[in-house]
Every structure is written in C-alpha cells, then in structure tokens.
Amino acid sequence: MTLSKQPLTVKCPHCERPVSWTAEYPFRPFCCERCKLIDLGEWAMEEKVILGEPLPTENDGDENFFFQ
C-alpha cells in the first residue's frame, strides 16, 4: 500500500471551489476569507442551524440539572 503525497482536497462549504488542505489556504476549509465570513454571517443570522432538541438552560426550573 502506497500513500499518496497529494494533499487532501475539499470543496469550499460556501462556493464549492476546490481547496487543498495546505498552508496555501489559511482559511481552510474555505477558499478565502470572504467565504468564511459569509458562512459565519449565515450562522449568526440563524440561517443555518443544527437540528435537535434544545439544551436546557439555567432558567428551565430544575436547579440541580447540571449537578447530577
């Protein structure tokens, strides 16, 4: 079995351009700072979410929830 010396290549999560996982792309997995900031803005505006049950907060009534 021979290992390839080629760096890992992924698609930019925003624009889908190929991105080599090297120091040449300091914003990896994004191709550039612009794509990184657009993605961050989408999360901040809650356009992107991770589906699932919400986590309980301190105000949910059970004072000992985090200490069980």
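Along the protein, the regular secondary structure elements total 1 helix and 2 strands. In the protein, the succession of helices and strands from N to C terminus is β-β-α. Counting every position in the protein, which comprises 68 residues, the buried fraction comes to 10%. Of the contacts made within the protein by residues no fewer than 6 positions apart, 4% connect residues no fewer than 24 positions apart. Counting every atom, the protein has about 6,400 Å² of accessible surface; 56% of that belongs to carbon and sulfur.

This part takes up the side chain of Asp39. Mapped onto the secondary structure, Asp39 falls in helix H1 (residues 33-44). Residue class for Asp39 comes out buried when judged on its relative accessible area of 11%. Asp39 has contacts with Phe30 and Lys48, leaving out every residue within four places of it along the chain.

Attention now goes to the pattern of salt bridges. Scanning all chains against the criterion turns up 2 salt bridges. Beyond isolated ion pairs, a larger network of salt bridges with shared partners links Asp39, Glu42 and Lys48.

Attention shifts here to H1. Given a rise of 1.5 Å per residue, 12 residues ought to cover 16 Å, and the 16 Å separating the end C-alpha atoms of H1 matches this to within 8%. Three or more residues of H1 are buried, namely Cys35, Asp39 and Glu42. When H1 is viewed along its axis, its buried side chains cluster within an angular range of 55° and face the same direction. Those residues of H1 that are exposed and aimed more than 90 degrees away from the buried face are Arg34, Leu40 and Ala44. Positive phi appears at Glu46, one or two residues downstream of H1, with a value of about 60°.

What counts and how
Residues numbered from 1 in each chain as written. Predicted model: local features only at pLDDT ≥ 70, side-chain atom pairs only at ≥ 80, totals over all residues. Heavy atoms only, no water. Helix = DSSP H or I, 4+ residues; strand = E, 2+ residues; numbered from the N terminus. Buried < 20%, exposed > 50% of the residue type's maximum accessible area, 1.4 Å probe, protein only. Contact = heavy atoms within 4.5 Å. Areas by Shrake-Rupley, 256 points an atom, 1.4 Å probe, with all protein chains shown as cover. Salt bridge = Lys/Arg side-chain N within 4 Å of Asp/Glu carboxyl O. Expected span 1.5 Å × (residues − 1). Arc of directions from axis to C-beta.

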